[in-house]
Every structure is written in C-alpha cells, then in structure tokens.
Amino acid sequence: MPVTLQKNIFNFLFILTFSLPVAGQDEIPDYSSFLGDWTVNEELSDDTDRQVEIAIKAAGGRIPRTDKKGKGRYRGGPKEHAIYDHISYDDSLHFQYHPPEFQLIYDDGFERVFHSDNRKRVVSASGTIAGDNLDFSFASWDGERLIIETRARDGGWIYEIMEATEDTLTVTLELNPSSFAEPIKVNRIYNRPITSQ
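Worth saying up front: this structure is predicted, and the values here are computed from it rather than measured.

Participant: Help me out: how do you make sense of the environment of proline 99 in this one?
Facilitator: For proline 99, the location among the structural elements is in the loop between strand E2 (92-98) and strand E3 (101-105). For the pair proline 99 and aspartate 117, spaced 18 residues apart in the sequence, the C-alpha separation amounts to 8.3 Å. Not counting chain neighbours up to four residues away, the residues in contact with proline 99 comprise Ile28 and Tyr31.

Set out below in structure tokens:
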C-alpha cells in the first residue's frame, strides 16, 4: 500500500476517533477526590528512568550513554517531548475539573487543558492540519476511573488511567513517543502535600 494512502487512512481513523460518542460520557461520578494539589510519592512510584530502559530493551535497543546522573537522566530533549517529561517526572500536580473541562498543572506551570464532552477537532496524526502543532487530549469516565488519551506533538501517543481516593491519586501511564518502538509503562502514586500547622 502506498505510504500516502496509509497516512490518509490513518488520519481519517484519527479524526473519526474524536467524532465517535464516548461511552458513559453523561455519567459523571463524584470527582471531588481528584481535585486539588498532589505530590508524587517517590517510594511507591515507579522509577521513570528505569521504565525507559525497560522499554528500550524490550524493543531490542541498547541503553544510551548520558552525561546526566541520578533521577531524570532521560528527561529533556525537544519541546515536542515536554508532555512526556512533565507527566512522568514532575513532583507536583494540581487537578481541577469544571465539567466538561479538565485543567492539570504540573511543575513550572506546565498546563494541560482538555475535555470530556467529545468535542471534535480536525487534526492529522502530526497535528499539523489545523496549523497549531499542539498536544491534544480527550477524556472519559469509566465508573470512578478517569481515562485520558493523548496524541502528542511528536506524533506519539499517551494512555492514562487515573483513580483517586481522598489522600491517594494513582496514575497508570503508557507513553509511546514516536521514536520508541515499545511504550514506556510507568505507575505514579501521588499523595496530598503535607502542610505545616
């Protein structure tokens, strides 16, 4: 099949995905436990760097040498990878939801705004038809779980499952940058920040 035809079919399917009804989109659970400030629990969360190495090895690759040492040695790169870095490395998360709009703010003010009302957006797989070349996410509720799907600016994708109690937010991530043959799987556990009395 010619490459151009393959791209056109993929773009059509990608556009169609954002046009289909989302199951249960009218059934909004009590989401109050998601709201507010969260701080990552390093002890309970996966080591993101280690998970990157597992994905590289799973694809048959070799671990690259880096001048960085310690936490965050695989963080950084082109601006198209910013979303991967923030959701898998940052220490803090502020979660707001005013149906149907979600607002998630990470370290350094990195902000994600997306919706759960199945609003349409005509974009190609690379996000260039509309000319904005931005990350695009959409969300749906699956019972008490929040499911977020993202097409990143580099053409890769992210799949997130969020579950919350009053004091714990669990985020299960699959990150697949376009340069990776296998997704990076990371579990992030957040707790409410400790405030001094």
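Participant: I'm lost on helix H2 (residues 48-58) in this one. Help?
Facilitator: Because an α-helix completes one turn every 3.6 residues, residues spaced three or four positions apart along the sequence face the same direction. Taken as a whole, H2 has its buried residues at Thr48, Asp49, Gln51, Val52, Glu53, Ala55 and Ile56. Packed against the buried residues of H2 are helix H3 (82-89) and strand E9 (184-191). Where H2 begins, the side chain of aspartate 47 points an oxygen toward the backbone nitrogen of aspartate 49, at a separation of 2.9 Å. Just past H2, the residue glycine 60 takes up positive phi, approximately 85°.

Participant: Explain the pattern of salt bridges here, please?
Facilitator: Note that side chains of opposite charge can pair when their charged atoms are close. Inspection of every chain in the model, using the stated rule, returns nine salt bridges. Where lysine 71 meets glutamate 42, a salt bridge forms, and the shortest distance between an N and an O atom there is 2.6 Å. Within this pair, whereas lysine 71 is found in the loop between H2 and H3, its partner glutamate 42 is found in the loop between strand E1 (36-40) and H2, the two being separated by 29 residues in sequence. For lysine 71, a relative accessible area of 51% puts it in the exposed group. Three or more residues are tied together by salt bridges with common partners; here these are Asp49, Arg50, Glu53 and Arg73.

Participant: So what exactly am I meant to see when it comes to the pairing of E9 here?
Facilitator: In terms of strand pairing, E1 meets E9 through two bridges, oriented antiparallel. Considered in E9, the bridge of threonine 39 is made with asparagine 191. Pairing geometry for strand E8 (residues 168-176) and E9, over eight bridges, is antiparallel. In the strand pairing of E9, leucine 169 is matched with tyrosine 190.

Participant: Would you mind showing me how to read the nonpolar core here?
Facilitator: Among soluble globular proteins, nonpolar side chains are generally buried collectively. Ranked by size, the top nonpolar core spans 34 residues in total, and within it Phe95, Phe102, Leu104, Leu146, Met162, Leu169 and Leu175 carry the most contacts. Here this core takes five residues from H3, the largest share from any one element. Phenylalanine 102 has contacts with Phe95, Gln96, Tyr97, Arg112, Val113, Phe114, His115, Ser116, Ala139, Trp141 and Leu146, leaving out every residue within four places of it along the chain.

What counts, and at which threshold
- Residues numbered from 1 in each chain as written.
- Predicted model: local features only at pLDDT ≥ 70, side-chain atom pairs only at ≥ 80, totals over all residues.
- Heavy atoms only, no water.
- Helix = DSSP H or I, 4+ residues; strand = E, 2+ residues; numbered from the N terminus.
- Contact = heavy atoms within 4.5 Å.
- Buried < 20%, exposed > 50% of the residue type's maximum accessible area, 1.4 Å probe, protein only.
- Polar contact = N/O pair within 3.5 Å; in protein donor to acceptor, adjacent residues only side chain to side chain.
- Salt bridge = Lys/Arg side-chain N within 4 Å of Asp/Glu carboxyl O.
- Pairing = 2+ DSSP bridges.
- Core = buried A, V, L, I, M, F, W, Y, C linked by side-chain atoms within 4.5 Å.

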